[in-house]
Structures are given as C-alpha cells and as structure tokens.
Protein chains: 2
Amino acid sequence: MAMSEYQVTGMSCGHCEMSIREEVGQIAGVENIEVSAQTGMLVVTGAESVDDAQVLAAVEEAGYSAVRAI
Amino acid sequence: MAMSEYQVTGMSCGHCEMSIREEVGQIAGVENIEVSAQTGMLVVTGAESVDDAQVLAAVEEAGYSAVRAI
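Residues numbered from 1 in each chain as written. Chains lettered and ligands numbered in written order. Predicted model: local features only at pLDDT ≥ 70, side-chain atom pairs only at ≥ 80, totals over all residues. Heavy atoms only, no water.

Asker: What is the right way to read the environment of Ser49(A) from this model?
Answerer: All names here are of chain A. Relative to the helices and strands, Ser49 resides in the loop between β3 (41-46) and α2 (52-62). It is 4.9 Å that separates the C-alpha atoms of Ser49 and Ala2, two residues lying 47 residues apart in sequence. Once residues lying within four places of it in the same chain are set aside, the contact partners of Ser49 are Ala2 and Ser4. (Helix = DSSP H or I, 4+ residues; strand = E, 2+ residues; numbered from the N terminus. Contact = heavy atoms within 4.5 Å.)

Dropping the structure here:
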C-alpha cells in the first residue's frame, strides 16, 4: 500500500470534495481517497504509488489546485 | 411575470448554486432562477407567482435553508 498526501486549495463544501473524488477516482491504481474541504487535505491510496502529476492534473480538472504535502 | 426573492443560508460555491437551481427548477411554473452563493440571494420568476412553500421545500431538499426576502 502506498499513500500520497496533497494540500488542496479552494474547496468549500461537500460538493467540492465530491468533484475531486470523482476526478481522482478515475486514475488507474487508486484504491481509496480521503478528502476534506475543512482541512484541504487529500489522501490517495493505491497498491502502488500513484503518479503525483496525474493526481494534480485530476484536482485541476475538478477546478481546484493542489501541491504534494508529504 | 411574478418575481419572488429568498435569502438562502449555507451556500458556499457554484456547486451549491447548481444544487438549488436543480431543485427549484423542478417546480411547475418556474421560468427563471437567479442564485448567488456570494450574496445568498435566490430570485425565482414565473408567469404566475410561485408557491413559497414549494420553493422553501426545494431549497431544503438541496440541503440549505431559506426565508422569503420580499
């Protein structure tokens, strides 16, 4: 299991969390997503490490911006 | 044309506006909806006056609360 953590800017509500969840969930290999509008944290888990560039692009596609946190 | 104005509590972003637009748009007789997360205002227009109770119920269905403003 590999876990990647990102700090997302711009989420304000549960709809925003859902938008990010939908986009990041389309990345191959992603098995679990934790996302919080309150803290801005996004934690993506997969059997193998996910590609940061893909995650950041998915977040941008949802209308937000993110940076790798850990 | 009849216009009814409501003050909505709890909207934070464009997704919230969209949720309210979808629910209020299902009310018979509604011809136009203006909604702003920034100001909280919801303006519903129809050929005949819309039923406040239906609008308030639709807003609640979307997950927010509202009061008649004018």
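Asker: What exactly am I supposed to notice about the relation of the copies chain B and chain A here?
Answerer: What relates the two chain copies is a rotation about an axis together with a slide along it. Note on the copies: chain B fits chain A at an RMSD of 0.0 Å, the axial shift is 0.0 Å, and the rotation between them is 179°. The relationship between the two copies is best expressed as a two-fold rotation axis. A shared binding surface is used by both copies, with 100% of the interface residues of chain B retained as interface residues in chain A. (Least-squares fit on C-alpha atoms with pLDDT ≥ 70 in both.)

Asker: Mind showing me how you'd approach the interface of chain B and chain A here?
Answerer: Size of an interface: often given as the accessible area lost when the parts come together. Listed per partner, the contact involves six residues of chain B and six residues of chain A. Interface area, chain B with chain A, both sides summed: about 410 Å², of which 56% is carbon and sulfur. Contact with chain A buries surface across chain B, with Ser12(B), Cys13(B) and His15(B) losing the most and accounting together for 76% of the total. Where chain B packs against chain A, one counts zero salt bridges. Linking chain B with chain A are five residue pairs in polar contact (both at pLDDT 80 or more), by the criterion used here. (Buried area = accessible area lost by both parts, 1.4 Å probe. Salt bridge = Lys/Arg side-chain N within 4 Å of Asp/Glu carboxyl O. Polar contact = N/O pair within 3.5 Å; in protein donor to acceptor, adjacent residues only side chain to side chain.)

Asker: What am I meant to see in the sheet that holds strand β2 (residues 30-35) of chain A here?
Answerer: In sheet architecture, strand pairing relies on hydrogen bonds along the backbone and comes in two forms, parallel and antiparallel. Residue and element names in this part refer to chain A. Taken in spatial order, the four strands line up as β2-β3-β1-β4 in an open sheet, and their pairing is antiparallel. Sheet topology places β2 and β4 (65-68) at the edges, where each strand pairs with a single neighbour. Each strand of the sheet is rotated relative to its neighbour by a mean of 25°, with strand direction disregarded. Bridge count for strand β1 (residues 2-9) against β3 is six bridges, and the pairing is antiparallel. Within β3, the position partnered with Gln7 by the bridge is Met41. Taken strand by strand, helix α1 (residues 14-24) contacts β1, β2 and β3, and its axis lies near 165° from that of β2. Against the sheet, α2 touches β1, β3 and β4, its axis set at about 160° to β4. (Pairing = 2+ DSSP bridges. Axes fitted to C-alpha atoms, helices over the stretch in contact; angles between N-to-C directions.)

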